[in-house]
Amino acid sequence: MTGDTKLGFNIKTNKDQPLLVFNERGIYCPQADLYIDAWKPVNRCIITHGHSDHSKFGHKYYLTHHFNVPIIRHRLGNIAVKGIEWGEVFTVNGVQFSLHPAGHVIGSSQVRVEYKGEVWVFTGDYKLQDDGVCQPWEPVKCHALITECTFGLPAFNWRPQQEVMQDINSWWADNKTEEKTSVIFAYSLGKAQRILKHLNVDQGKIYTHGAIEKMTEVLRSIVDFPPTELITRDTKKQDLLGNIVIAPPSAHGSSWIRKMVPFETASASGWMAFRGARRRRAVDRGFVLSDHCDWQALLKAIKSSGAEKVICTHGYTDIFSKYLRSIGLDARTEKTQYEGELLEVEKVEV
Amino acid sequence: MKAFAALIKQLDTTNKTTVKVRALAEYFRSASDTDKVWTIALLSHRRPSRPVNTTLLRAYAAELAQIDLWLFEDSYHIVGDLAETIALVVPQTAEKEKERSLTDYLNDMIWLKKEEDSVKKEYLQREWSILPYYERFVFTKLLTGGFRIGVSQKLMTRSLSMATEIEEDILAYKLMGNWKPQSISFQELVLDERSGDQDSKPYPFYLAYALEDELPALGTVDDWYAEHKWDGIRAQLIKRNGAIFIWTRGEELVTDRYPEFDRISTNIPDGTVFDGELLPMIDGKIGTFNDLQKRIGRRTVSKALLEKVPVILRAYDLLECEGDDLRADAFMERRIKLEAVVQRVDNPLIDISPLVEFEEWEDLEKVRAKARDMKSEGLMLKRKDAPYRIGRKKGDWWKWKLDPMCIDAVLTYAMRGHGRRSNLFTDYTFALWRENESGERELVTFAKAYSGLTDKEFRAVDKFIKSNTIERFGPVRSVVPELVFEIGFEAIAPSSRHKSGIATRFPRILRWRQDKKIEEANTLDDLKAMIIE
Ligand SMILES: [Zn+2]
Ligand SMILES: [Zn+2]
């Protein structure tokens, strides 16, 4: 039985409460009266990154890394947001906050919170592998670590990105030989740019769906990407043949895509590690590529943080925290409304 | 192994039949003869028997992956496939020195079976650490069980036919029967034209499609025969050169499991092949599928079991008579010969599936409505002048099954799905009301079901489960009883192994009754009332 043993935390602030708590609105710092990645509207919110489950609409005041500012502005409109540098410390009622690279997507941060010598870190979503697009993850020492564990199972072990990108490029080349269009589905923030950055531009042209084009345009001010061409009503089928199209998962099965026949489809996600996920009828090919940590990376990150207490949020929280307890850590789970892993799966499956 | 793993990967990554056939034909053109024979064997369920039990496999894999067994088990539950789990958690730590063939590995497995556990462990852990991911997966799959890669025997035969230019039908016949991959050559199995030594060989079964249109669309009543659709095991009973052979539709030779037929061997003329249904016949009445279940899978049958659940063959076709292949003849003519042979056998162990009399299509509707009283699943419609075809073909045979029985039940437990649905709770347990000793209504579990909802509904139910969990037991959660579903099933029988006292056959979710409150769900007594005595 893997019942949820609540170990309870001993670390207390002056007011006899933990530095960070989970309430119905989000992750809350009572001493500073502010939230991190709140899922319901709050006054002041630190945002780890631009994915929709971590950066919700409706907060009065947003604070995030300055690379993330154009991203959430693009998604949420004209919000009140301040961008800061990595490592820049700001103090609220004695609590010191700073942001540190999380390596998940451009502008993604871990949040370090310190009060009277006690340090907590919330990882947000993160990966250890340098993807060549966003600022790579950096370890941050802390007493208590709040970590995601989307892929917190020993069954997840990512291959080096270089190998996966080689596979993607040769899949594209094969389709080109068969005079087919390659359509790859990728989340419009993160995965799309990661693939785009490493496509072999000598093989042909790279076309995009509107959602991808717009987000990439926003990010071009931060990172250099190969040229892309937006698919419009005037784009002809013959123009696309042999070339590659990057589209959001929601485009799968739409009339937009049916116009491109003959085509081969592919999906790039950590879930593609599972044969069951790969085999489902939705796509012709699955590439195992994730912006989250695999099993070993999670363990490495926890180890390098030096944390004795670990709180596991979204993903295989029960199993992962049970494992952490078995290796002597004080670990437990907390319920959040983050759903990064479901976003990827559901959108492809529709 | 590399080439075979690449083939499996190709077959596994496409849904397109043409691509599969092409890949397989290409493999059959390039692989060595022994590898070809083994590939045919594996794709027709002729795997060598398991050299290592799965308990040991799990323990060896967890040890090599340096994780606790519980963590391995939890991972297995989420991945959903043992070989895949092992391949995923075990790291490749070395390179293989030389490439070994599929045949080498299968010979290893035959050898390994007789070895001691320590040898097994050393062998497996070594192979796991030197094989790259996909080869590791395929290798482990060979140890654990069949590949579900959408390659039917028919598809394999078609590919082999493309590669060898031998007709598909001829190949299908050649590949049936009780050959052993370790002792037969490709020449003997596939290329040679043989006579004799084929006594046991069954014919490929002709399979019916479910009726698509209204009955009148079939044309004139006079062109058709109708029979009941019996709910047993489809089988061919063969008598050639003095010996009896029984084959099931799964192409399994099961003669030993039904020794009752030996007693009447002399009654059956040589050169006879019946097609029919093995049915449990208890005190002159057809038993339930649950009864038959007790006989299936028992290689050795005790005398007591033979008496408790005797089995008969209800014949409905004659494929061979006096050594002649009758399959090209019209069904009408085969039927006349069938009646004559059954009469000659003159033993209740082989009876004939009676024809249903009807003059108008409407007559059949009435018969079908009462099929359950006859212990049948519905009706079969067979064109009088049709030959006996190979495999599933439309047009001449139609099955017209009864609508499933159904009952409204309450969702009480949920478990995560496997594979692509491993994030969602999609395996459900359902309960019905009953009154306990103190006169209170309580819910009692009666069936598990997992198919039948749309992805959208699954997500909605999943969300409900996640926010209405009462308790977690490993992967299983008990859920606040609030949702009602209509559960359909094919048959029902009393069972002492079930908490509810009832076993249902093929339970599945028909629909989500969002209009019903749990108080309106059915009772166990409602379910019991459906049992036909
Ligand atoms: Zn994210
Ligand atoms: Zn997330």
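Above: the structure in question.
Residues numbered from 1 in each chain as written. Chains lettered and ligands numbered in written order. Predicted model: local features only at pLDDT ≥ 70, side-chain atom pairs only at ≥ 80, totals over all residues. Heavy atoms only, no water.

1. Observations concerning the sheet that holds strand β18 (residues 309-315) of chain A
All names here are of chain A. One open sheet accounts for seven strands, arranged β7-β8-β9-β10-β11-β18-β19; its pairing is mixed. With partners counted over all chains shown, the strands left at the sheet margins are β7 (90-92) and β19 (330-333), one partner each. Taking the axes of each pair of neighbouring strands and ignoring which way they run, one obtains an average angle of 25° across the sheet. Pairing analysis gives three bridges linking strand β10 (residues 118-122) to strand β11 (residues 144-149), with the strands arranged parallel. Among the inter-strand pairings, Trp120 is bridged to a residue of β11, identified as Ala144. Sitting on the sheet, helix α8 (residues 295-305) is in contact with β11 and β18, with an inclination near 170° to β11. (Pairing = 2+ DSSP bridges. Helix = DSSP H or I, 4+ residues; strand = E, 2+ residues; numbered from the N terminus. Axes fitted to C-alpha atoms, helices over the stretch in contact; angles between N-to-C directions. Contact = heavy atoms within 4.5 Å.)

2. Re the coordination of the zinc ion (ligand 2)
Each angle at a metal carrying four tetrahedral donors should ideally be 109.5 degrees, and each at a metal carrying six octahedral donors should ideally be 90 or 180 degrees. Residue and element names in this part refer to chain A. Only His54 (NE2), Asp125 (OD), Asp125 (OD) and His314 (NE2) from the protein coordinate the zinc ion (ligand 2), and they sit 2.2 to 2.4 Å from it. Linear spacing of the donor residues for the zinc ion (ligand 2) on their chain is H-x70-D-x188-H. A gap of 4.1 Å separates the zinc ion (ligand 2) and the zinc ion (ligand 1), which Asp125 links by coordinating each metal. Placement of the pair is Asp125 in the loop between β10 and β11 and His314 in strand β18, with a sequence separation of 189 residues. (Donors = N, O, S within 2.8 Å, 3.2 Å for Na, K, Ca; no water.)

3. Things to note about the packing of aromatic side chains
Overall, the coordinates contain 32 aromatic pairs over all chains when judged by the stated rule. When the centroid spacing of 6.4 Å and the interplanar angle of 25° are considered together, the rings of Phe156 of chain A and Tyr316 of chain A count as stacked. Placement of the pair is Phe156 of chain A in the loop between β11 and α2 (161-177) and Tyr316 of chain A in the loop between β18 and α9 (317-326), with a sequence separation of 160 residues. A relative accessible area of 0% places Phe156 of chain A in the buried class. Ring centres 5.7 Å apart and planes at 75° place the aromatic pair Tyr225 of chain B and Phe331 of chain B in the edge-to-face group. Placement of the pair is Tyr225 of chain B in strand β3 (residues 224-230) and Phe331 of chain B in helix α15 (residues 331-345), with a sequence separation of 106 residues. An aromatic cluster is present here, built from Phe151, Phe156, Trp158, Trp271, Phe274 and Tyr316 of chain A joined pairwise through their rings. Of note, Arg314 of chain B hangs over the ring of Trp230 of chain B, and the distance from its end group to the ring centre comes to 4.5 Å. (Phe/Tyr/Trp six-rings, centres within 6.5 Å; stacked < 30°, edge-to-face > 60°. Buried < 20%, exposed > 50% of the residue type's maximum accessible area, 1.4 Å probe, protein only. Lys NZ or Arg CZ within 6 Å of the ring centre and 35° of its normal.)

4. Focus on the pattern of salt bridges
Residues and elements named next belong to chain B. For the structure shown, the criterion picks out 45 salt bridges over all chains. Of the charged contacts, one joins Arg29 and Glu26 as a salt bridge, the two residues approaching to 3.4 Å between their closest N and O atoms. Of this pair, Arg29 and Glu26 both sit in helix α2 (residues 17-30), three residues apart, which is roughly one turn of the helix. We classify Arg29 as partly exposed; its relative accessible area is 44%. Salt-bridge contacts for Lys382 lead to Glu227; the nearest nitrogen and oxygen are separated by 3.3 Å. Of this pair, Lys382 sits in strand β11 (residues 376-383) while Glu227 is found in strand β3, placing the two residues 155 residues apart along the sequence. Owing to a relative accessible area of 1%, Glu227 belongs among the buried residues under this scheme. Sharing partners across several salt bridges, the network here consists of Asp408, Glu486, Arg511, Arg513 and Lys516. (Salt bridge = Lys/Arg side-chain N within 4 Å of Asp/Glu carboxyl O.)

5. Some remarks on unusual backbone geometry
Excluding glycine, a negative phi dihedral is what most residues carry, and trans is how most peptide bonds are arranged. Here the residue pair Val261 of chain A and Pro262 of chain A is connected by a cis peptide bond, since its omega of 0° sits within 30 degrees of zero. When you line up the elements, Pro262 of chain A lands in the loop between α6 (255-258) and β16 (263-268). One non-glycine residue, Asp346 of chain B, adopts positive backbone phi at about 50°. Among the secondary structure elements, Asp346 of chain B is positioned in the loop between α15 and β10 (350-352). Phi is positive for Lys375 of chain B, which is not a glycine, with a value near 60°. Relative to the helices and strands, Lys375 of chain B resides in the loop between α16 (361-369) and β11. For Lys375 of chain B, a relative accessible area of 25% corresponds to the partly exposed category.

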